[in-house]
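Analysis of the macromolecular model
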Amino acid sequence: MSVVERLSPSKINMFRQCPQHFAFRYIERLEEPDDPRLVRGTLVHEVCERLFDLPPHERTRPVAVALLHRLWERMVDAEPALAALFADADAAGEWIVSAEALVATWFRLEAPSTVAVQRRELFVETTTEAAVLSGIIDRLDRLDDGTWAITDYKTGPAPGARWELQAFFQLRFYALVVARSLGLNVTLLRLVHLARNGEVLELPFEADSVDNVDRQVVQLAAAMQRASESGRWHANVGRQCDWCGFRDRCPAWSDARSEP
Ligand code: SF4
């Protein structure tokens, strides 16, 4: 299967941030090592999803924190190697406190007891000229006027202006897939940033933007195809390297590795 036959926002964003990272992950098919920050993101996302299993009056912060601890115990039971991510009990304790802080920030930004959530962790897929586009949407909310909002939780810090549009690309991609596959009119995109003081970023979305996103995806798919055929993957050094699990094999960091 061609590398561009199936595309998701995470795959596209990885290519845009660093083609070499993309090549490690999707051409060489290397697994990224577990990273406590990414595991924390997975855990907090699950809290934000599962809390809506409860009736509105039970969606309180103490209940969410208790849920966080229960889900973490279940994750470690299912994958004991996760416990070895931490040097010692103090490091593990600090990590869980930092996860609690993300949940606390969520409650400062939103009131889960009043949110009109329709769908959570919703898998969506559609076929376009470029590829099969798919992804999992954190939350689809019905707005008062009958249109829809797509919400995505971010556990990293809010992006600077340069990264903001890139962060919204994921949600614009989902709006395209939702419009084409479910026929829903998405009018609002929301990024709920839970790190530090937290921030909710909102961007209106208009129906005629769907075709623009489609064209953008076609161009990106063509760029991926060209890189795949040439075998040339640019190593784009930047702050994304802090989150990259392949730094120890990245050609751009070979000089740093060979320094005494
Ligand atoms: S370390 Fe940086 S430059 Fe190298 S693959 Fe990862 S993100 Fe790209």
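Residues numbered from 1 in each chain as written. Predicted model: local features only at pLDDT ≥ 70, side-chain atom pairs only at ≥ 80, totals over all residues. Heavy atoms only, no water.

**Here we look at the pattern of salt bridges**
Pairing between side chains becomes possible if they bear opposite charge and their charged atoms approach one another. Applying the stated criterion to the full structure yields twelve salt bridges. Put simply, aspartate 211 and arginine 180 hold a salt bridge, and the shortest N to O gap is 3.3 Å. Residue aspartate 211 is found in helix α7 (residues 209-230), and its partner arginine 180 is found in helix α6 (residues 161-182); the two are separated by 31 residues along the sequence. Given a relative accessible area of 42%, aspartate 211 falls into the partly exposed group. Two residues, aspartate 214 and arginine 180, come together in a salt bridge whose shortest N-O distance is 3.2 Å. One end of the pair, aspartate 214, is in helix α7; the other, arginine 180, is in helix α6, with 34 residues separating them in the sequence. Residue class for aspartate 214 comes out buried when judged on its relative accessible area of 14%. (Salt bridge = Lys/Arg side-chain N within 4 Å of Asp/Glu carboxyl O. Helix = DSSP H or I, 4+ residues; strand = E, 2+ residues; numbered from the N terminus. Buried < 20%, exposed > 50% of the residue type's maximum accessible area, 1.4 Å probe, protein only.)

**A word on the site of the ligand**
Among the 13 residues in the neighbourhood of the ligand, the closest are listed as Cys18, Cys241, Cys244, Cys250 and Trp253. Taken together, the residues that form the shell around the ligand break down as eight nonpolar, four polar and one charged. (Near = heavy atom within 4 Å. Nonpolar A, V, L, I, M, F, W, Y, C, P; charged D, E, K, R; others polar.)

**Looking at the packing of helix α1 (residues 9-17) against helix α2 (residues 19-27)**
Between α1 and α2, the least distance of the axes is 5 Å, while the angle of their chain directions is 135°. Between α1 and α2, the crossing angle belongs to the class labelled oblique. Note on element contacts: α2 touches α1 through Pro19, His21, Phe22, Arg25 and Tyr26, opposite Ser10, Lys11, Met14, Phe15 and Gln17. Tallied by class, residues from the contact of α1 with α2 come to five nonpolar, three polar and two charged. (Axes fitted to C-alpha atoms, helices over the stretch in contact; angles between N-to-C directions. Parallel < 35°, antiparallel > 145°, perpendicular 65-115°, else oblique. Contact = heavy atoms within 4.5 Å.)

**Focus: unusual backbone geometry**
Phi at glutamate 121 is positive, roughly 45°, even though this residue is not glycine. Look at arginine 196: it is not a glycine, yet its phi comes out positive at around 50°. Take arginine 196: it is sitting in the loop between β5 (186-193) and β6 (199-204). Here arginine 196 falls in the exposed class, since its relative accessible area comes to 69%.

**Description of the packing of aromatic side chains**
Inspection of the entire model under this criterion finds 13 aromatic pairs. A ring pair is formed by phenylalanine 52 and tryptophan 106, whose centres lie 6.0 Å apart and whose planes are at 70°; its orientation type is edge-to-face. Of this pair, phenylalanine 52 sits in the loop between α3 (36-50) and α4 (61-78) while tryptophan 106 sits in helix α5 (residues 89-109); the two residues are 54 residues apart in sequence, bridging distant segments of the chain. Just as phenylalanine 52 is buried, tryptophan 106 falls in that class too. Aromatic pair tryptophan 72 and tryptophan 95: ring centres 4.5 Å apart, planes at 50°, arrangement tilted. In this pair, tryptophan 72 sits in helix α4 while tryptophan 95 sits in helix α5, placing the two residues 23 residues apart along the sequence. Tryptophan 95 shares its class with tryptophan 72; the two are buried. Through successive ring pairs, a cluster of aromatic residues spans Phe15, Phe22, Tyr26 and Trp233. Cation over ring: arginine 16 sits above phenylalanine 169, and NZ or CZ is 4.7 Å from the ring centre. (Phe/Tyr/Trp six-rings, centres within 6.5 Å; stacked < 30°, edge-to-face > 60°. Lys NZ or Arg CZ within 6 Å of the ring centre and 35° of its normal.)

**Concerning the nonpolar core**
Grouped together as the largest cluster of nonpolar side chains are 39 residues, with contacts concentrated most on Leu7, Ile12, Leu133, Ile150, Phe173, Leu189 and Val217. Elements that contribute at least two residues to this core include exactly α1, α2, β2 (117-127), β3 (132-142), β4 (148-154), α6, β5 and α7. The greatest single-element share of this core, amounting to ten residues, is contributed by α6. Once residues lying within four places of it in the same chain are set aside, the contact partners of leucine 189 are Ile150, Phe168, Leu171, Arg172, Ala175, Leu201, Glu202, Leu203 and Phe205. (Core = buried A, V, L, I, M, F, W, Y, C linked by side-chain atoms within 4.5 Å.)

**Side note on the pairing of β3**
Most of β3 sits inside the fold, with nine of its eleven residues counted as buried. Pairing of strand β1 (residues 6-7) with β3, which is carried by two bridges, proceeds in the parallel orientation. Following the sheet pairing, leucine 7 is matched in β3 by leucine 133. Hairpin connection from β2 to β3: four residues lie between these consecutive antiparallel strands. Sheet analysis places β3 next to β4, joined by four bridges and oriented antiparallel. Each residue of the ladder has a partner; that of aspartate 141, found in β4, is alanine 149. Counted along the chain from β3 to the antiparallel partner β4, the turn is five residues long, and its residue glycine 146 has a positive phi close to 90°. (Pairing = 2+ DSSP bridges.)

None of this, on its own, says anything about what the molecule does.
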